[in-house]
Amino acid sequence: MWLKAGYVDKGLFYETETGTPQGGIISPLLANIALHGLEKALGIKHDYRGRLTSKRAIVRYADDFVVFCETKEDAEKSVIILNSWMKDRGLTLSEEKTKIVHLTQGFDFLGFNIRQYPVSNTKTGFKLLIKPSKQTMQNVRNKLRQVWLEFKSQNVEYLINKLNPIIRGIANYLRIGVSSEAFHHLDSWMHTREKRYANRMHPNKSDKWRQKRYWGRLNLDRMDNWVFGNKESNNYLLKFMWFSIERHTQIIGTSSPDDPELRQYWTKRERSKSIALEPSNQKIAKRQNYLCPVCYESLFNGETLHRHHITPRHQNGKNYIANLQLVHYYCHQQIHSHRFKYSPLPEESINLTK
């Protein structure tokens with residue numbers, strides 16, 4: 001029914017002729033269903049602790065996956081197995097994307113480049129590094145450049161508010177890899193764009209005047225005198241290098257979020273996702289014990305988060321943290337529905353209610 005429901009674009013309804021909606025959450029869900037059993041088909045096994053015991057390994061994200069083998073011959077055999085297994089499900093491997101490469105050549109996957117580099121301080125003589133791919137870096141610059149150009153005539157406050165969410169999102173995604181060098185290059189590139197903006201806005205002023213107007217130690221937590229921003233409001237542009245590298249913590253063994261005995265383990269993992277929020281929202285989430293005050297479920301269930309004013313703004317409610325709560329997008333809609341009676345509980349009682 002979902003696939004046949006059609007879609008609306010710019011107020012016009014279109015029939016769904018084939019495939020799944022671009023960006024629709026039904027796509028990865030169907031991919032996970034269709035590709036269930038892929039590991040078994042390849043003979044991939046784990047022990048009771050979840051550790052790999054076979055000579056093959058697989059990493060999959062929805063319909064994108066990588067198979068690791070010890071030899072080229074085994075990799076070629078794996079392709080044959082996959083083609084046969086997927087044919088029974090009406091699927092085929094993409095000829096354009098499917099290739100066999102050695103780890104010393106490297107490959108791109110989910111925005112990162114995975115490659116072994118020769119080093120002298122390891123037993124094997126190689127070290128595996130996962131860095132942002134060249135294509136990802138180009139895509140990031142293109143996205144940021146579009147904002148700089150689209151709002152080149154806007155005041156600096158407006159521009160910063162447009163750029164900061166993009167910078168935060170990109171940095172939080174890339175920070176799990178070996179990204180320090182990439183972040184440094186992006187900050188240098190951004191500084192060039194900042195200077196172009198200042199020159200365009202004040203062509204008749206001196207460099208010293210522009211520097212004094214737009215740059216300074218605006219972030220008091222950093223000993224950095226070259227922070228770009230609005231000195232009237234103290235709002236400043238984020239830097240990629242401010243986002244420390246945070247390695248992804250692997251799931252212990254075969255732990256499942258559906259196991260009621262592991263509820264505390266998964267709750268702790270979900271709370272770590274708050275690092276992706278801006279600092280003020282991190283404080284709000286912590287006050288709420290990382291739970292939505294409407295449905296009492298984890299804030300980090302994949303839904304978009306909204307800020308809700310406990311005392312509405314039309315009743316002179318302020319933007320203070322004490323008057324703000326983080327709620328799921330659909331929970332926020334319920335709050336403002338005339339049929340829904342919302343009685344906000346104190347943050348400290350949410351855990352007890354749960």
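Everything numeric here is computed off the predicted structure, so don't read it as measured data. (Residues numbered from 1 in each chain as written. Predicted model: local features only at pLDDT ≥ 70, side-chain atom pairs only at ≥ 80, totals over all residues. Heavy atoms only, no water.)

Colleague: Now, about the environment of leucine 237: what can you tell me, with residues and values included?
Modeller: Following the sequence through the fold, leucine 237 ends up in the loop between strand 10 (235-236) and helix 8 (263-271). In this structure the C-alpha to C-alpha distance between leucine 237 and glutamate 70, which are 167 residues apart in sequence, comes to 46 Å. Setting aside chain neighbours within four positions, we find leucine 237 in contact with Trp148, Ile160, Leu163, Asn164, Ile167, Met190, Glu194, Val227, Phe228 and Trp242. (Helix = DSSP H or I, 4+ residues; strand = E, 2+ residues; numbered from the N terminus. Contact = heavy atoms within 4.5 Å.)

Colleague: Explain a nonpolar patch on the surface to me, and be specific about the residues and the numbers.
Modeller: A surface patch of nonpolar side chains, amounting to about 330 Å² of accessible area, comprises Leu3, Leu29, Leu30 and Ile33. By the element assignment, leucine 30 lies in helix 1 (residues 26-34). (Patch = residues over 30% accessible without salt bridge, like charges linked within 9 Å, V, L, I, M, F, W, Y side chains within 5 Å. Areas by Shrake-Rupley, 256 points an atom, 1.4 Å probe, with all protein chains shown as cover. Salt bridge = Lys/Arg side-chain N within 4 Å of Asp/Glu carboxyl O.)

Colleague: Give a description of the state of the cysteines that names residues and reports values.
Modeller: For the structure shown, the criterion picks out zero disulfides. Here cysteine 292 stays unpaired: no disulfide links it, and the sulfur of cysteine 331, its closest cysteine neighbor, is 3.7 Å away. Owing to a relative accessible area of 0%, cysteine 292 belongs among the buried residues under this scheme. Since its relative accessible area comes to 6%, cysteine 331 is described here as buried. (Disulfide = S-S within 2.5 Å. Buried < 20%, exposed > 50% of the residue type's maximum accessible area, 1.4 Å probe, protein only.)

Colleague: Describe the nonpolar core, naming the residues involved and giving the relevant values.
Modeller: Counting residues in hydrophobic clusters, the biggest one holds 37 residues, and the most contacted among them are Leu144, Leu163, Ile167, Met190 and Phe240. When contributions to this core are tallied by element, the ones reaching two or more residues are strand 5 (107-109), strand 6 (112-118), helix 4 (134-150), helix 5 (156-174), helix 6 (180-201) and strand 9 (227-230). No other element matches the nine residues that helix 5 contributes to this core. Setting aside residues no more than four positions away along its own chain, leucine 144 makes contact with Leu163, Ile166, Ile167, Trp189, Met190 and Phe240. (Core = buried A, V, L, I, M, F, W, Y, C linked by side-chain atoms within 4.5 Å.)

Colleague: Now, about the sheet that holds strand 10: what can you tell me, with residues and values included?
Modeller: Spatially, three strands are ordered 8-9-10 in an open sheet, and the strand pairing comes out antiparallel. Each edge of the open sheet is held by one strand with a lone partner, namely strand 8 (215-216) and strand 10. Bridge count between strand 8 and strand 9: two bridges; the pairing is antiparallel. Across the sheet, the residue bridging to tryptophan 215 is phenylalanine 228, located in strand 9. (Pairing = 2+ DSSP bridges.)

Colleague: Could you give me a rundown of the pattern of salt bridges, with the residues and numbers involved?
Modeller: Per the counting criterion, the structure on display carries four salt bridges. Linking aspartate 224 and lysine 239 is a salt bridge whose minimum nitrogen-to-oxygen distance equals 2.7 Å. Placement of aspartate 224 in the loop between strand 8 and strand 9 and of lysine 239 in the loop between strand 10 and helix 8 is noted, with a sequence separation of 15 residues between them. Accessibility assignment for this pair places aspartate 224 and lysine 239 in one class, buried.

Colleague: Can you break down the side chain of arginine 210 residue by residue, with the values?
Modeller: Along the chain, the position of arginine 210 falls in helix 7 (residues 207-214). A residue is classified by how much of its surface remains accessible, and arginine 210, at 8% relative accessible area, is buried. Polar contacts involving the side chain of arginine 210 include one to the main-chain carbonyl oxygen of histidine 202, which spans 2.6 Å. For arginine 210, the residues in contact, after removing those within four places along its chain, are Ala198, Asn199, His202, Pro203, Lys205 and Trp215. (Polar contact = N/O pair within 3.5 Å; in protein donor to acceptor, adjacent residues only side chain to side chain.)

Colleague: Mind laying out the environment of alanine 62, listing which residues take part and the relevant values?
Modeller: Checked against the element boundaries, alanine 62 lands in the loop between strand 3 (57-61) and strand 4 (64-68). Alanine 62 sits 179 residues away from methionine 241 along the chain, and the two C-alpha atoms are 30 Å apart. Beyond its immediate stretch of four places on either side in the chain, alanine 62 contacts Pro28, Ala31, Asn32 and Leu35.

Colleague: Break down the sheet that holds strand 6 for me, with residues and values.
Modeller: In space, the three strands of this open sheet follow the order 5-6-7, with antiparallel pairing throughout. Lying at the two open borders of the sheet, with one neighbouring strand each, are strand 5 and strand 7 (126-132). Recorded for the sheet is a direction-independent mean angle of 30° between the axes of neighbouring strands. Sheet analysis places strand 5 next to strand 6, joined by three bridges and oriented antiparallel. Paired with phenylalanine 107 across the strands is isoleucine 114, a residue of strand 6. (Axes fitted to C-alpha atoms, helices over the stretch in contact; angles between N-to-C directions.)

Colleague: Describe the side chain of aspartate 224, naming the residues involved and giving the relevant values.
Modeller: Judged by its relative accessible area of 18%, aspartate 224 falls in the buried class. At a separation of 2.7 Å, a polar atom in the side chain of aspartate 224 contacts the side chain of lysine 239. Once residues within four sequence positions are removed from consideration, aspartate 224 is found in contact with Gly216, Arg217, Lys239 and Trp242.

The analysis is restricted to geometry; functional conclusions fall outside its scope.
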